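# An overview of the molecular structure
Chain by chain, the residues:
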Amino acid sequence: MATDEAGAEGPSKVRGKVTITEIARQAGVSVPTVSRVVNGRLDVSPQTRARIEELLLRHGHRRRAAATASGAALLDLVFNDLDSPWAVEIIRGVEEAAHAAGAGTVVSAIHGRSGDAREWMRNLRARACDGVILVTSALEPLLHEELRALGVPLVVVDPAGSPALDVPTIGAANWSGGMAATQHLLSLGHRRIGLVAGPPGLLCSRARFDGHRAALEGAGLSVDETLVVPGDFHPASGFTGCNTLLDLPEPPTAVFAAGDQMALGAIEALRRRGLRVPQDMSVVGFDDLPEVRWSAPPLTTVRQPLAGMGKLAVGTVLRLARGEQPDSPRVELGTELVVRSSTAPPAP
């Protein structure tokens, strides 16, 4: 009864496959019972299991082995792009936790393109994945429905937008991190503080900006819009943004770049103008990537636990694959200000 057109048999169809809800209706059981069979759970009677498995087979679903520490689970780790050391830190945490749990990992990049996302979904169906970890990307609603229909659990790390209510998310305390970075500069005596912001479409960018604003307001200052320049988390945008701030009639005495790579770009812009960090301008980043400990000078930054976020995502998606629920659907790991040599009081 599957068709080639999504929705042709009613709202419970997704791209020719019926949803687990429809299979539960046809089998005369609850949705959680079907989910237990899909995820390889053993707490279903043999007669019920056989009836459900026959329906799953008929409608093109694959039953997966139980995702346990001793099982052979397969996880998909999906990024929008893989061109950042930030992504490498997430991968490191995911790989470490997956290896410890006896799970394999497939890493993909969908580049924000619908065609790439659909190709990834086709590959995912072919390899019968046990869970998906999506990083700073927004999954199309139709593809999200396909994951539901396949019974594949989903966890989002550092969500780009507001994910569905039934999707657990893992992030960092971006607001408090942004606030800590700006409070540090204020404590040194800076009052004109530039901000190289992250992409406005990402929740983490907006939270860091809001934390920056809160710190200024706590010091009796307001945000000067001329001191806020756009960035995209890549070094070139930090370089361009810092040059824009330096061209102001009254440049700032410090810059908070909402990502370490943008901070490194800002430092290069200052170097090319013959300015010194921190003597002529202080710079603060956000991430604490390994490379910034060896920058010249070593970068003051806000550490977010990137590898820890990846590890927690693995634990969460494996729990979902076993039919369990996470302790909390929304988790924010703490951030920490790391003071190094790129910040100092403003020059007289």
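Residues numbered from 1 in each chain as written. Predicted model: local features only at pLDDT ≥ 70, side-chain atom pairs only at ≥ 80, totals over all residues. Heavy atoms only, no water.

## Some thoughts on the overall build of the protein chain
The test is simple: Under the DSSP-based scheme used, a helix requires at least four consecutive residues in state H or I and a strand at least two consecutive residues in state E, with every element numbered from the N terminus. With a 1.4 Å probe rolled over the protein chains alone, any residue whose accessible area is under 20% of its type maximum counts as buried; one over 50% counts as exposed, and the rest are partly exposed. Contact between two residues is taken to exist if any of their heavy atoms lie within 4.5 Å; hydrogens are not considered. The Shrake-Rupley method, run with a 1.4 Å probe sphere, supplies the accessible areas, and residue values consider only the shown protein chains as cover.
Along its length, the protein chain carries eleven helices and 14 strands. Here the protein chain, with 348 residues, has 51% of them falling under the buried criterion. Once local pairs closer than 6 in sequence are excluded, the contacts in the protein chain between residues at least 24 apart make up 72%. Surface accessibility of the protein chain: about 15100 Å² in total, with carbon and sulfur atoms responsible for 55%.

## A closer look at the confidence of the model for the protein chain
Threshold: By definition, pLDDT measures how confident the predictor is in each residue, and it falls between 0 and 100.
Averaged over all residues, the pLDDT of the protein chain equals 86, while 88% of them reach at least 70. Predicted confidence for residues 1-16 stays below pLDDT 50, and this span has 25 contacts to residues more than four positions away or in other chains. With pLDDT under 50 throughout, residues 66-70 is counted as low confidence; its partners more than four residues away or in other chains account for 13 contacts.

## Remarks on the pairing of strand β12 (residues 300-303)
Strand residues, when the strand is regular, have side chains that alternate between the two faces of the sheet. Note the threshold: Strand pairing is assigned whenever DSSP identifies at least 2 bridges connecting the two strands.
Pairing between strand β11 (residues 282-287) and β12: four bridges, direction parallel. Bridged to Val-284 within β12 is Thr-300. When β12 meets strand β14 (residues 336-338), the two strands line up antiparallel, connected through three bridges. Bridging from a neighbouring strand, Arg-303 pairs with Glu-336 of β14.

## Digging into the nonpolar core
Just so we agree on the cut-off: Working definition of a nonpolar core: buried Ala, Val, Leu, Ile, Met, Phe, Trp, Tyr and Cys residues. They are joined through side-chain atoms within 4.5 Å.
Counting 26 residues, the largest nonpolar core has Trp-86, Ile-90, Ile-133, Val-135 and Val-314 as its most contacted members. Sorting the residues of this core by element identifies β3 (74-79), α4 (85-100), β5 (131-135), β6 (154-157), β7 (169-172) and α11 (306-321) as the ones contributing at least two each. Here this core takes seven residues from α11, the largest share from any one element. Excluding its chain neighbours within four sequence positions, the residues that come into contact with Val-135 are Leu-77, Val-78, Phe-79, Asn-80, Trp-86, Ile-90 and Val-157. Membership of the second largest hydrophobic core comes to 20 residues, among which are Val-229, Met-262, Ala-269 and Val-277.

## Details of the packing of aromatic side chains
This is how it is decided: Aromatic pairing here means that ring centres of Phe, Tyr or Trp (its six-membered ring) are within 6.5 Å. Orientation follows from the plane angle: under 30 degrees is stacked, over 60 is edge-to-face, and everything else is tilted. Whether a charge sits over a ring depends on NZ of Lys or CZ of Arg being within 6 Å of the ring centre and within 35 degrees of the ring normal.
Tallying each qualifying case throughout the model produces zero aromatic pairs. The lysine or arginine in question, Arg-208, covers the ring of Phe-286, its NZ or CZ lying 3.8 Å from the ring centre. Over the aromatic face of Phe-209 sits the side chain of Arg-213, whose NZ or CZ is 4.7 Å from the ring centroid.

## Some details on the sheet that holds β14
By way of backbone hydrogen bonds, the strands of a sheet pair with one another, either parallel or antiparallel. What counts is decided by this rule: Under this scheme, a helix contributes an axis fitted over its contacting stretch, all axes are lines through C-alpha atoms, and angles between N-to-C directions fall in the 0 to 180 degree range.
The six strands are arranged β9-β8-β10-β11-β12-β14 in an open sheet whose pairing can be described as mixed. With one partner strand each, in any of the chains shown, β9 (228-229) and β14 form the two edges of the open sheet. Of the strands in this sheet, β8 (193-196), β10 (254-257), β11, β12 and β14 touch helix α7 (residues 174-187), which is tilted by about 165° from β11. Where helix α9 (residues 235-246) meets the sheet, it contacts β8, β9 and β10, and its direction lies at approximately 150° from that of β8.

## Focus on the pairing of β6
Taking every second residue as pointing to the same face, both faces of β6 are buried, with Leu-154 and Val-156 on one and Val-155 and Val-157 on the other. Relative to β6, β5 runs parallel, the two sharing four bridges. Paired with Val-135 across the two strands is Val-157, which belongs to β6. Bridging between β6 and β7 involves two bridges; their strand directions are parallel. Residue pairing for β7: Val-157 is matched across the bridge by Ile-170.

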